[in-house]
Amino acid sequence: MNYRLLKPICFILFLSLNTNLMSQQDYDQKIEALLKQMTLEEKAGQMNQYNGFYDVTGPAPEGGNAALKYEHLKKGWVGSMLNVRGVEEVRKLQKLVVEESRLGIPMLFGFDVIHGLKTQSPIPLAEAASWDMEAIEKSASVAANEASAVGLNWTFAPMVDISRDARWGRVMEGGGEDPFLGAKVGVARVKGFQGKDLSLNSTIAATAKHFAAYGFAEAGKEYNTVDIGTNTLYNMVFPPFKAAVEANVQSVMNGFNILNGVPVTADAVLQRDFLKGKWGFQGFVISDWSSIAEIAPHGFAKDLKHAGEIAANAGSDMDMESKAYVTHLAASVREGKVAESYVDDAVRRILKVKFELGLFDDPYRYCNEDREKERLFHKDHMEAVLDMAKKSIVLLKNDTGLLPLKKDQKGIVVIGDLADDKNSPLGSWRLASDNNSAVSVLEGINSYTKDYSFVQGPKYFDDNASFLQHVSINTDDTAGMEKAVEAAKNASVVVLVAGEHGFMSGEARSRTNIDLPGLQHQLIKAIHEVNKNIVLVLMNGRPLALPWEAEHIPTILETWQLGSQSGLAIAQTLFGDNNPSGKLPMTFPRSVGQVPIYYNQYRTGRAKQEPNVFWSHYADEKNSPQFPFGHGLSYTQFKYKDLKITTTGQKETTVSVTLSNTGKIKGQEVVQLYLSDPVASVVRPIKELKAFEKVALEAGASKTIRFVLTEKELGFYTNDYEWTVEPGTFQIMVGGSSAQGLTASFELE
Ligand code: NOJ
């Protein structure tokens, strides 16, 4: 083929693509015109994603040499790159492809913008604890704004995997255990990243991941087998993905796990029948890092070429760093192993996203040096993530009313290695952030009062722990313990900061123990012996099991990892300028032995039958969690009354309840409605969240909240994936957590 002759033709085509408000029909035609000109190798190239020239988020790619990648870029055999960022670098590579490849098709630049680029918002699990969709959307839009300023146009977020197993390090990345809340959080994040207009240079394409069921990795172990039934798949795992598709998410990432014995990357039922078929997904599927190549070690393909064929046939449109498509796909098509129509469909989907992002209009639209300088750590971004951080805090206990502290409180002693840690609050998955750029708890407290003292106590974590290393814990070095206890003796209140190092959760950070690592428990006990006035500030990326602390420490504030403004948000909460309003998006167990523990369990045939021993329980632990899903207190008190149900015909049931703020200050409460369908053709959970509203009330004020339940809330998917609403009795519970509330029931005829 004479490339020299073709280039001018393509240049004309490229120019003719340059229209601002191109309708879908317009670009469909352009895509068809482009497809006609593409060789099989170029089509496979569009389906190929290469890592940048350094490896940050996966094992070093085999033979990942830059020279070969440069050659492929120039040939137009790379549709996208990941982990390349910064205007200069992105522009350089985009220019290479646009100017030197035969067709000059611009690339997508993807990155794990999980909870911010430079300015970090709280980890996603923390954000989910806010139950505040507006704030979550805003936080994602801040992340998109900064990411787009460094040349990126695509994020591999949100992770919408439902996760019930706190041992799994990636629970920090998602919206928790519940499909209803998880879907809302996922949609808010998609909307935040993509905005109303994807072609703006401040919005980026989002990715719902990991399709599907990755959150159910056995024993919470990363990259492990998943084995769940259709009832759970359809009713628990799918809803957030389906909702993200309905919110027009531009890409979906598959995963590393198998499901029903099929690697999900090789699963045509998931990707073709459900995602692109039943749900009408219009975007494209990106594989996870080398998940196409891993089809072979799973024992599902004989080699890389075979793996690529299976993946392409199954609807995996883009290959992240396996090099299966770029190396073999054209040959596989020629040999009749993969239909060219599948390849065309994948390329159409990828090109469509490029059009929607406006890349054909201007391949450098995300490459503006001035904007790059101006947007990073912008004051508005810092304000937004502070707001998000304040909303994400959950008050787990405040038995003796220690909180809020008085602003002129004297004699505060702050203890804990994490108290002056400026790195851990950034959490995991903060690849582009600056190390030690968070406001520490100590700095936050210092901005309120100078009348405090700080004792680090024993070191919990190794200072040099980094994303790529395992976190080392100084388990037996008790230096500092005595000093901490001594200081605590005379304190009016001890603010004790404990939890996990920022890199103890996230990808490949599974734990078998979910207690406080190192000497922290010992420290807390020793301090409790000399002073009971302890405010335990938890900083962690997953639910922890802290039975002793939950029983003995009067005040516990769950602050997760709150990002750049962490310390300020915590201090404002400690001193009462922020009244906590978060609610747990995941159940906290009493012991790791209860895991996976979640509120929406299926009914068992052997519910409580004491004193008979043969019922579903543990011999050595209660069944109930330490802190249930939906739990969270406030500095004020809320009362629920007058639960009423009105059925207006068969289509709608209205539930109303009156909420009163009976305390002394303004506060916010998340009113939660749980539904239960006690007899059904498929066993239903004991209860399921079906509606919620976050309500702000002045002290003494009351408000009546109304929820409307329709077939959407009353139905479920059968094992044949039929949506069904079955007549009979429905029970509802409305309250401030999944564990208790006002109850009533109604009949559906
Ligand atoms: C592997 C992770 O599973 C995925 O979520 C991430 O987006 C990719 N690596 C790229 O970093």
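Residues numbered from 1 in each chain as written. Predicted model: local features only at pLDDT ≥ 70, side-chain atom pairs only at ≥ 80, totals over all residues. Heavy atoms only, no water.

1. Some details on the sheet that holds strand β11 (residues 394-398)
Here's step 1: Taking strand neighbours across the sheet as the criterion, the 6 strands line up as β11-β16-β15-β14-β12-β13 in an open arrangement whose pairing is mixed. Unpaired on one side and paired on the other, β11 and β13 (452-455) mark the two borders of the sheet. Neighbouring strand axes in the sheet, compared pairwise and without regard to direction, differ in orientation by 15 degrees on average.
Here's step 2: Judged from the 4 bridges that link them, β11 and strand β16 (residues 555-558) form a sheet pairing that is antiparallel. Within β16, the residue paired with Val394 across the bridge is Glu558. (Pairing = 2+ DSSP bridges. Helix = DSSP H or I, 4+ residues; strand = E, 2+ residues; numbered from the N terminus. Axes fitted to C-alpha atoms, helices over the stretch in contact; angles between N-to-C directions.)

2. Here's the deal with the side chain of Asn600
Here's step 1: Tracing the backbone shows Asn600 in the loop between α20 (566-574) and β17 (638-648).
Here's step 2: Apart from the residues within four sequence positions on either side, Asn600 is in contact with Arg164, Glu177, Asp178, Pro179, Met236, Pro685 and Lys687. (Contact = heavy atoms within 4.5 Å.)

3. What about the packing of helix α2 (residues 24-37) against helix α13 (residues 340-356)?
Here's step 1: Contact pair α2 / α13: the axes reach a minimum separation of 10 Å and the direction vectors enclose 130 degrees. Taken together, α2 and α13 sit at an angle that is classed as oblique. Between α2 and α13 lies a crossing whose hand is right-handed. Note on element contacts: α13 touches α2 through Asp344, Val347, Arg348, Leu351, Lys352, Phe355 and Glu356, opposite Gln24, Tyr27, Lys30, Ile31, Glu32, Leu34 and Leu35.
Here's step 2: Split into classes, the residues belonging to the contact of α2 with α13 amount to 7 nonpolar, 1 polar and 6 charged. (Parallel < 35°, antiparallel > 145°, perpendicular 65-115°, else oblique. Left-handed = near helix turned anticlockwise from the far one by under 90°. Nonpolar A, V, L, I, M, F, W, Y, C, P; charged D, E, K, R; others polar.)

4. Section: the domain arrangement of the protein chain
Here's step 1: Split by domain assignment, the protein chain resolves into domain 1 (206-228 + 245-356), domain 2 (393-594) and domain 3 (638-748).
Here's step 2: Placing the centre of domain 1 and that of domain 2 at their C-alpha centroids yields a distance of 40 Å.
Here's step 3: Counting residues at the interface gives 5 residues for domain 1, matched by 4 residues for domain 2.
Here's step 4: Taking both sides of the interface into account, the surface hidden between domain 1 and domain 2 amounts to around 320 Å²; carbon and sulfur atoms contribute 37%.
Here's step 5: Inspection of the region where domain 1 meets domain 2 yields 0 salt bridges. (Domains from an automatic or database assignment. Buried area = accessible area lost by both parts, 1.4 Å probe. Salt bridge = Lys/Arg side-chain N within 4 Å of Asp/Glu carboxyl O.)

5. Some points on the side chain of Glu309
Here's step 1: Considering the arrangement of structural elements, one finds Glu309 in helix α11 (residues 304-314).
Here's step 2: Judged by its relative accessible area of 8%, Glu309 falls in the buried class.
Here's step 3: Excluding residues that lie within four positions of it along the chain, Glu309 makes contacts with Ser332, Lys337 and Val338. (Buried < 20%, exposed > 50% of the residue type's maximum accessible area, 1.4 Å probe, protein only.)

6. Thoughts on α11
Here's step 1: Counting buried residues along α11, 8 of its 11 residues qualify, which places the element largely inside the surrounding structure.
Here's step 2: Considered for burial, the residues of α11 that qualify are Lys305, Ala307, Gly308, Glu309, Ile310, Ala311, Ala312 and Ala314.
Here's step 3: Positive backbone phi, at 100 degrees, marks Gly315, one or two positions downstream of α11.

7. Observations concerning the packing of aromatic side chains
Here's step 1: Following the criterion strictly, the structure yields 30 aromatic pairs and no others.
Here's step 2: Ring geometry for Tyr27 and Phe355: centres 5.3 Å apart, planes at 15 degrees, overall stacked. Note that Tyr27 is positioned in helix α2 and Phe355 in helix α13, a separation of 328 residues in sequence.
Here's step 3: Its relative accessible area of 6% is what places Tyr27 among the buried residues.
Here's step 4: A centroid spacing of 5.6 Å and a plane angle of 50 degrees characterise the contact between Trp131 and Phe629, whose relative ring orientation is tilted. With Trp131 in the loop between α6 (124-128) and α7 (133-149) and Phe629 in the loop between α20 and β17, this pair connects stretches of sequence that are 498 residues apart.
Here's step 5: A relative accessible area of 2% places Trp131 in the buried class.
Here's step 6: Site record: aromatic cluster; members linked through ring pairs are Phe211, Tyr234, Phe238, Phe241, Phe274, Trp279, Tyr717, Tyr721 and Trp723.
Here's step 7: Its end group placed over the ring of Tyr598, Arg164 keeps NZ or CZ at 3.6 Å from the ring centre.
Here's step 8: A cation over a ring is seen here: Lys278 above Phe274, with NZ or CZ 4.9 Å from the ring centre. (Phe/Tyr/Trp six-rings, centres within 6.5 Å; stacked < 30°, edge-to-face > 60°. Lys NZ or Arg CZ within 6 Å of the ring centre and 35° of its normal.)

8. Topic: the pattern of salt bridges
Should their charged atoms come close, side chains of opposite charge can pair.
Here's step 1: Per the counting criterion, the structure on display carries 42 salt bridges.
Here's step 2: For Lys337, the salt bridge is made with Glu335, and the minimal N-O distance between the two is 3.3 Å.
Here's step 3: A relative accessible area of 43% places Lys337 in the partly exposed class.
Here's step 4: A relative accessible area of 42% places Glu335 in the partly exposed class.
Here's step 5: We note a salt bridge from Glu443 to Lys422, for which the minimum N-O separation is 2.9 Å. Within this pair, whereas Glu443 is found in helix α16 (residues 441-446), its partner Lys422 is found in the loop between β12 (412-415) and α16, the two being separated by 21 residues in sequence.
Here's step 6: Judged by relative accessible area, which is 26%, Lys422 ranks as partly exposed.

9. Examining helix α18 (residues 520-530)
One turn of the α-helix equals 3.6 residues, which is why residues spaced by three or four share an orientation.
Here's step 1: Those residues of α18 lying buried are Gln520, Leu523, Ile524, Ile527 and His528. Summarising the axial view, the buried residues of α18 lie within an arc of 130 degrees, below the 170-degree limit, and thus occupy one face.
Here's step 2: Tucked inside the fold, the buried residues of α18 contact β12, α17 (481-489), β14 (493-499), β15 (534-539) and α19 (547-552). (Arc of directions from axis to C-beta.)

10. Some words on unusual backbone geometry
With the exception of glycine, most residues fall at negative phi, and the peptide bonds are largely trans.
Here's step 1: With an omega dihedral of 0 degrees, the bond running from Val595 to Pro596 counts as a cis peptide bond.
Here's step 2: One can find Pro596 in the loop between α20 and β17.
Here's step 3: Across the junction of Glu610 and Pro611, the peptide omega takes the value 5 degrees, indicating a cis bond.
Here's step 4: For Pro611, the position within the fold is in the loop between α20 and β17.
Here's step 5: Backbone geometry places Lys323, a non-glycine residue, at a positive phi of 65 degrees.
Here's step 6: For Tyr721, which is not a glycine, the phi torsion comes out positive at approximately 55 degrees.
Here's step 7: The topology assignment puts Tyr721 in the loop between β22 (716-717) and β23 (723-724).

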